[in-house]
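Here's the letter readout for the chains.
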Amino acid sequence: MYTKDEVRQLIKDEDVRFLRLMFTDLFGMSKSVDLPISQLDKLLNNKMMFDGSSIDGFVRIEESDMYLYPDMSTWLIFPWGQEHGKVAQVICSVYTIDGEPFAGDPRNNLKRIVAEMKAAGFTNFNIGPEPEFFLFKTDEAGKPTMEVNDQENYFDMEPADRGEDCRRDIVLALEKLGFSVEASHHEVAPGQHEVDFKYADALEAADNIQIFKMVVKTIAKQYGLHATFMPKPLSGVNGSGMHMNMSLFTEQGNAFYDAADANQLSTTAYQFLAGVLAHVRSLTAVCNPTVNSYKRLVPGYEAPVYVAWSASNRSPLVRIPGSRGLSTRLELRSVDPSANPYLAIATILAAGLDGLKQQLTPMPAVDENIYQMTLAQRRAKGIEDLPDTLHNALKSLAQDEVIKAAMGDHLFDSFMTAKSKEYAAYRLNVSNWERDRYMEKF
């Protein structure tokens with residue numbers, strides 16, 4: 001956390017000329033207000049006002065005046081665009097005219113759930129995301145085409161091309177911004193990539209996801225490519241997920257680890273897991289929030305479809321990776337990168353904490369390949385399906401008081417209204433697939 005004097009010195013030393021204030025709307029879209037450096041004192045004194053009525057899911061026009069309070073632990077200086085002086089960025093939380101945290105700010109909401117976690121005796125909720133994305137070529141106008149940048153596959157070492165060079169420069173840019181990048185590689189689908197960076201506590205992890213998306217899109221554009229985090233941009237290939245690795249910590253260490261258990265998992269881990277599984281159908285609306293998300297959550301493309309867990313295979317919804325000790329964690333495999341990371345992490349954490357509060361017991365582990373089971377076999381093991389449409393996920397969310405409370409009234413009401421309209425608009429659209437299938441037949 002930089003002090004005001006340290007920030008002023010950094011600005012002088014690095015020749016920073018512009019400031020970018022970043023915050024996030026209801027849908028996980030990064031928003032920004034750009035300032036000349038002459039406005040620094042206004043920012044540092046929490047006097048930077050903006051019109052909240054212009055932001056999706058915030059407030060009505062008669063309540064529009066809002067403030068951006070910078071979190072100086074997120075201060076960074078971009079390693080590009082220096083011809084007119086460097087640009088620094090800081091992530092902000094949104095406050096009302098009365099100086100209160102705005103309930104419609106997803107970042108404030110995550111802070112609220114983290115506070116509940118700490119009140120329950122935990123110190124950290126560590127999140128290690130695995131975001132995937134596609135790189136598409138662009139046309140003369142810079143618009144994305146449907147042509148991916150390569151035809152490679154999982155872990156392929158392709159000949160040097162724009163995609164490989166782009167991914168390398170993404171990693172280099174992230175490292176300059178302080179990220180600890182653990183791996184980067186080609187994913188299963190042509191044009192699909194993944195960059196993994198080190199876990200962080202809940203709030204920092206959500207901030208990092210937003211910064212990561214911005215870096216990926218910026219570097220891709222420099223290569224004449226379009227990076228998209230759309231869950232399923234192409235038919236017939238794998239979609240993009242954002243697996244969430246998670247663990248709770250106390251002052252004594254990883255609260256999910258117990259060497260004496262057969263799986264080396266603690267009672268805390270099992271109860272947290274049970275809470276996630278109990279609420280996962282409603283979590284799906286938040287973690288897979290677009291109509292397109294459900295084109296990914298289908299059998300045959302490695303994405304989870306069924307509610308189950310395992311310590312030994314990759315087909316269930318929740319996997320227990322092999323590392324133990326401080327690295328003991330759960331991996332929720334359904335989340336996709338269109339999710340608002342602040343809302344996704346807050347609701348996942350709330351679901352797990354409810355499992356602890358209710359002392360829930362998870363269903364038995366499923367170590368067989370679920371995709372090869374019949375419906376009767378799945379039902380015999382108590383394996384439910386995830387929602388198969390945004391509409392069904394929203395219905396589950398509307399009935400889940402725990403997840404509704406984790407979002408708060410403002411965010412929940414705005415989310416349900418917006419997403420219900422989104423699904424209604426989707427239903428009104430007649431697709432080419434329908435015309436091709438039915439026009440001549442009927």
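Here's what I pulled together on the structure shown here. What you are looking at is a predicted structure, and each value in this text was computed from that prediction instead of being measured. (Residues numbered from 1 in each chain as written. Predicted model: local features only at pLDDT ≥ 70, side-chain atom pairs only at ≥ 80, totals over all residues. Heavy atoms only, no water.)

To continue, consider unusual backbone geometry. One non-glycine residue, Asn46, lies in positive phi territory at about 60 degrees. Its place among the elements puts Asn46 in the loop between helix H2 (40-44) and strand S3 (48-51). Although it is not a glycine, Gln359 adopts a positive phi angle of roughly 50 degrees. Inspection of the secondary structure assignment puts Gln359 in the loop between helix H8 (341-357) and helix H9 (375-380). In this structure Gln359 comes out as exposed when scored by relative accessible area, which is 58%. (Helix = DSSP H or I, 4+ residues; strand = E, 2+ residues; numbered from the N terminus. Buried < 20%, exposed > 50% of the residue type's maximum accessible area, 1.4 Å probe, protein only.)

Attention now moves to the pattern of salt bridges. For side chains bearing opposite charge, pairing can occur when the charged atoms are close. Under the defined criterion, the tally for this structure stands at 17 salt bridges. For Arg17, the salt bridge goes to Asp15, with nearest N and O atoms at 2.8 Å. Assessed through its relative accessible area of 43%, Arg17 is described here as partly exposed. In this structure, Arg107 and Asp71 form a salt bridge, with 2.7 Å as the shortest nitrogen-oxygen distance. With Arg107 in helix H3 (residues 106-119) and Asp71 in the loop between strand S4 (65-70) and strand S5 (76-77), this residue pair connects regions lying 36 residues apart in the sequence. Take Arg107 and Asp71: they sit in the same class, and that class is buried. Taken together, the salt bridges that share partners define one network made up of Asp5, Arg8 and Asp41. (Salt bridge = Lys/Arg side-chain N within 4 Å of Asp/Glu carboxyl O.)

Next up on the list: the side chain of Lys86. The topology assignment puts Lys86 in strand S6 (residues 86-95). Residue classification places Lys86 among the buried residues on the basis of a relative accessible area of 19%.

Bringing the packing of aromatic side chains into the picture now. Evaluation of the coordinates by the stated rule reveals 16 aromatic pairs. Look at Phe78 and Trp80: their rings are 5.1 Å apart centre to centre, the planes differ by 10 degrees, and that puts the pair in the stacked class. Neither residue differs from the other here; Phe78 and Trp80 are each classed as buried. Among the aromatic side chains, those forming a connected cluster through ring pairs are Phe133, Phe179, Phe197, Phe212 and Phe229. Looking at Lys213, its charged tip hangs above the ring of Phe229, at a distance of 5.7 Å from the centre. (Phe/Tyr/Trp six-rings, centres within 6.5 Å; stacked < 30°, edge-to-face > 60°. Lys NZ or Arg CZ within 6 Å of the ring centre and 35° of its normal.)

To continue, consider the packing of helix H4 (residues 162-176) against helix H5 (residues 202-222). Close contact between H4 and H5 brings their axes to 9 Å; oriented N to C, the two are set at 135 degrees. In this view, H4 runs oblique relative to H5, as classed from their interaxial angle. Once H4 is placed against H5, the crossing between them reads as right-handed. Residues Cys166, Asp169, Ile170, Ala173 and Leu174 of H4 lie in contact with H5, whose contacting residues are Phe212, Val215, Val216, Ile219 and Ala220. (Axes fitted to C-alpha atoms, helices over the stretch in contact; angles between N-to-C directions. Parallel < 35°, antiparallel > 145°, perpendicular 65-115°, else oblique. Left-handed = near helix turned anticlockwise from the far one by under 90°. Contact = heavy atoms within 4.5 Å.)

It is worth spelling out H3 at this point. The terminal C-alpha atoms of H3 lie 20 Å apart, and with 14 residues this matches the ideal 20 Å at 1.5 Å per residue to within 8%. Turning to H3, its buried residues number three or more, namely Pro106, Arg107, Asn108, Asn109, Leu110, Ile113, Val114 and Met117. Sitting at the head of H3, Asp105 places a side-chain oxygen 3.0 Å from the backbone nitrogen of Arg107. Just downstream of H3, Gly121 is the residue with a positive phi angle, here 105 degrees. (Expected span 1.5 Å × (residues − 1). Polar contact = N/O pair within 3.5 Å; in protein donor to acceptor, adjacent residues only side chain to side chain.)

Locating Asp139 in the fold gives a position in the loop between strand S7 (124-138) and strand S8 (144-148). Of the polar contacts made by the side chain of Asp139, one reaches the backbone nitrogen of Ala141; its length is 2.9 Å.

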